[in-house]
Amino acid sequence: MGTYTQILYQIVFSTYKRERTLNKNNRQKLFSDVYGILKNKNCFVHQINGVDDHIHILTHVHPTLSVSSLIKDIKLGSNDYIKRHQIFPDFNGWQDGYAAFSYSISSKENLIRYIQNQEIHHQSISFEDELKALLKEHQIEFDEKYLF
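Conventions adopted
Residues numbered from 1 in each chain as written. Predicted model: local features only at pLDDT ≥ 70, side-chain atom pairs only at ≥ 80, totals over all residues. Heavy atoms only, no water. Pairing = 2+ DSSP bridges. Helix = DSSP H or I, 4+ residues; strand = E, 2+ residues; numbered from the N terminus. Axes fitted to C-alpha atoms, helices over the stretch in contact; angles between N-to-C directions. Contact = heavy atoms within 4.5 Å. Phe/Tyr/Trp six-rings, centres within 6.5 Å; stacked < 30°, edge-to-face > 60°. Buried < 20%, exposed > 50% of the residue type's maximum accessible area, 1.4 Å probe, protein only.

**Observations regarding the sheet that holds strand E3 (residues 54–60)**
Consideration 1: If you walk across this open sheet you meet the 4 strands as E2-E3-E1-E4, and the pairing is antiparallel. Because the sheet does not close on itself, it has two edges, and the strands there are strand E2 (44–51) and strand E4 (99–103). On average, each strand axis in the sheet is tilted by 15° relative to the strand beside it, whichever way the strands run.
Consideration 2: Bridge count for strand E1 (residues 8–14) against E4 is 5 bridges, and the pairing is antiparallel. Bridge pairing in E4 places tyrosine 9 opposite serine 102.
Consideration 3: In this fold helix H1 (residues 24–40) packs onto E2 and E3, with an angle of close to 150° to the strand it touches most, E2.
Consideration 4: Strand contacts of helix H5 (residues 127–137): E1, E3 and E4, with the helix running at about 45° to E4, the strand carrying the most contacts.

Quick look at the structure:
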């Protein structure tokens, strides 16, 4: 029998100290680089977007990969790309840690819209409040003093 999986993840991580360094003009270059990293890892990318201090990725994770090693590779590769091409002059790296949430494939279209609308979404909610809401929605216990 072959291997069949549908492992859909929303991955979220922020800039170092949540600095607002991902200027809108060059974000698409960053998203294209992240897309390339994921494609090279045999992941199927559904959506990538973000705002000035964090990004969201919706992807099918290939079954041979661990989520933590995939995110490490995304952060290292994109950090190198940003520095090499100087697309965000004030960028100081990615913050330690990440959030990754698994979803049913039936949630895919809603998640794509949610990620596409990050700029609108963050006009009314901060990244901190968004992340807390996601953690609560997925019943992940957390201590706020270690969250940010």
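Now that the structure has been shown, the text picks up again.
**Notes on the packing of aromatic side chains**
Consideration 1: Under the criterion given, the structure shown has 2 aromatic pairs.
Consideration 2: Consider the rings of phenylalanine 13 and tryptophan 94, whose centres lie 4.9 Å apart with planes at 90°: the pair is edge-to-face. With phenylalanine 13 in strand E1 and tryptophan 94 in the loop between helix H2 (67–85) and E4, this residue pair connects regions lying 81 residues apart in the sequence.
Consideration 3: On the basis of relative accessible area, tryptophan 94 is assigned to the buried category, the value being 10%.
Consideration 4: A centroid spacing of 5.1 Å and a plane angle of 70° characterise the contact between phenylalanine 91 and tryptophan 94, whose relative ring orientation is edge-to-face.
Consideration 5: Grouping aromatic residues by their ring pairs yields a cluster made of Phe13, Phe91 and Trp94.

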